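Spelled out from the first residue to the last, the chains are:
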Amino acid sequence: GAGLAQGRLNIMSHTTLVSTSLLAKHLDDPRWVICDCRHDLADPGAGRRAYVAAHIPSARFVNLDTDLSAPPTGSNGRHPLPSPEKFCETLGKLGIDREKQVVAYDSAGGAFAARLWWMLRWQGHSRAAVLDGGFPKWLAEKRPVSSEASRIEPVIFDPKPQNNSVDSRFVETHLGLSDMLLIDARSPERYNGSVEPLDPVAGHIPGALNHFFQNNLDKGCFKTPEALRQAFSELLDKTPPQNVVHTCGSGVTACQNVLAMEIAGLQGSKLYPGSWSEWCSDPRRPMIAK
């Protein structure tokens, strides 16, 4: 009755970051689901091997290529979003429903964990956070790890789709207009086209500003909300956060910039999931290329 309803209201929602100390207190909490999103773009099997060797107790493995992406076709980018139906099915298999607090972690400054965080928001689940400092901080603090596979109770995930992404057509029709500010999360060398390890063309989308996602971090953890707010406010100038569109190589590290803006209190920016890998697949699209 009333007591239970009251108890529900008191469940604290964590929607951006969770600290290692807070997660440690909730390892046995059935309302929390921990997701291991470790991945290596150069070695796609590395994440699962790392998970099998050692992970945070009760964490379940989430694979960037198969769980958080659809198969690439050559024109839809390297990590296209899966269909909402397929993704919600994956969430159900992971034991994630609308009541669960999800905490995602990786070993890459949140770059892969933020993709799951963003996709949960894409389907209307805001009770999702990234573990600040990730697995490296967890290990450095000598917290418990396990090599056991987690037992998962499958559930039904009930989506409430949100309008937090844009497609290539949107980007094309808004190029050069004041109602869209593109922010590219890749390293400066990839942004300016001096190196390109992953995509066939080097360069960036015209008008995009560069904000390397690693710059949101200090010793592997996110900078303070104030520091992040200052950095992004300088970049945005007078642009409202809702007009910001984040891009990167394949719509993965850009999610970490979306997260950083949310931490900074600059809410409502969007993701262009196809990003540079989709954009540069059509030679008719304008590019700033080397």
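Position numbers for residues start from 1 in each chain and track the written sequence from start to end. In view of the model being predicted, local features appear only for residues whose pLDDT reaches at least 70, and side-chain atom pairs are presented and counted only at 80 or more, with totals across whole chains, interfaces and linings using the full set of residues. For the side-chain quantities, the full set of heavy atoms in the structure was used; hydrogens and water were omitted.

A. Looking closely at the pairing of strand β11 (residues 244–247). A 1.4 Å probe rolled over the protein chains alone gives each residue an accessible area, and that area as a share of the maximum for its type sets the label: buried under 20%, exposed over 50%, partly exposed in between. Segments assigned H or I by DSSP are reported as helices when at least four residues long, segments assigned E as strands when at least two residues long, and all are numbered from the N terminus. Because side chains alternate across β11, one face comprises the buried residues Val244 and His246, and the other comprises Val245 and Thr247, equally buried. As judged from the four bridges shared by strand β6 (residues 181–184) and β11, these two strands associate in the parallel manner. Its bridge partner being in β11, leucine 182 is matched across the sheet by valine 245. For two strands to pair, DSSP has to find at least two bridges joining them. Strand direction decides the pairing type here: β11 and strand β12 (residues 270–271), joined by two bridges, are parallel. Paired with histidine 246 across the two strands is leucine 271, which belongs to β12.

B. Broad picture of the sheet that holds strand β5 (residues 128–131). Taken in spatial order, the five strands line up as β1-β5-β4-β2-β3 in an open sheet, and their pairing is parallel. The strands lining the two open edges of the sheet, one partner per strand, are β1 (17–18) and β3 (60–61). Across three bridges, the pairing between strand β4 (residues 101–105) and β5 is parallel. Bridge pairing links alanine 104 to valine 130 in β5.

C. Focus on unusual backbone geometry. Positive phi values are uncommon outside glycine, yet serine 58 reaches one of about 75 degrees. Along the polypeptide, serine 58 turns up in the loop between α3 (46–53) and β3. One non-glycine residue, serine 275, lies in the positive phi region at around 50 degrees. Position of serine 275 among the secondary structure elements: in helix α11 (residues 275–279).

D. Main features of the nonpolar core. Nonpolar cores were defined as sets of buried Ala, Val, Leu, Ile, Met, Phe, Trp, Tyr and Cys residues, with membership established by side-chain atoms within 4.5 Å. With 49 residues, the main nonpolar core has Cys35, Ile96, Leu116 and Trp118 as its most contacted residues. Contributions of two or more residues to this core are made by β2 (32–36), α4 (84–93), β4, α5 (113–122), β5, β6, α9 (225–236) and α10 (253–263). Note on definitions: a residue-residue contact is assigned when non-hydrogen atoms from the two residues lie within 4.5 Å. Ignoring anything within four residues of it in the chain, the contact list for cysteine 35 reads Arg60, Val62, Ile96, Val102, Val103, Ala104, Tyr105 and Leu116. Judged by nonpolar contacts, the second largest core, of 13 residues, contains Val18, Leu23, Leu27 and Val103.

E. The sheet that holds strand β8 (residues 209–210), seen in detail. The parallel open sheet is built from four strands, whose spatial order is β8-β6-β11-β12. Both edges of this open sheet fall to β8 and β12, since each of them pairs with a single strand only. Here β6 pairs with β8 via two bridges, running parallel. What sits directly across from isoleucine 183, in β8, is leucine 209. For helices, the fitted axis covers only the stretch in contact; all axes are lines through C-alpha atoms, and the angles between them, taken along N-to-C directions, range from 0 to 180 degrees. Relative to β6, α9 is tilted by about 130 degrees, and along the sheet it contacts β6, β8 and β11.

F. A look at the packing of α9 against α10. Look at α9 against α10: their axes get within 8 Å of each other, and the N-to-C directions meet at 110 degrees. In terms of axis orientation, α9 runs roughly perpendicular to α10. In terms of crossing hand, the pair formed by α9 and α10 is left-handed. The segment α9 lies against α10, with Pro225, Leu228, Phe232 and Leu236 engaging Asn257, Ala260, Met261 and Ile263. Each angle receives one of four descriptions, namely roughly parallel if under 35 degrees, roughly antiparallel if over 145, roughly perpendicular if within 65 to 115, and oblique otherwise. Note on convention: near helix rotated counterclockwise from far helix by under a right angle means a left-handed crossing. Clockwise means right-handed.

G. Layout of the pairing of β2. Burial of β2 is extensive: five of the five residues sit out of reach of the surface. By the bridge criterion, two bridges tie β2 to β3 in an arrangement that is parallel. Bridging across to β3, cysteine 35 finds its partner in arginine 60.

H. Seen up close, the confidence of the model for the chain. Per-residue confidence from the predictor is given as pLDDT, running between 0 and 100. The pLDDT averaged across the chain works out to 95; a share of 96% of its residues lies at or above 70. A low-confidence stretch, residues 1–7 (pLDDT under 50), is modelled with zero contacts involving residues beyond four sequence positions or located in other chains.

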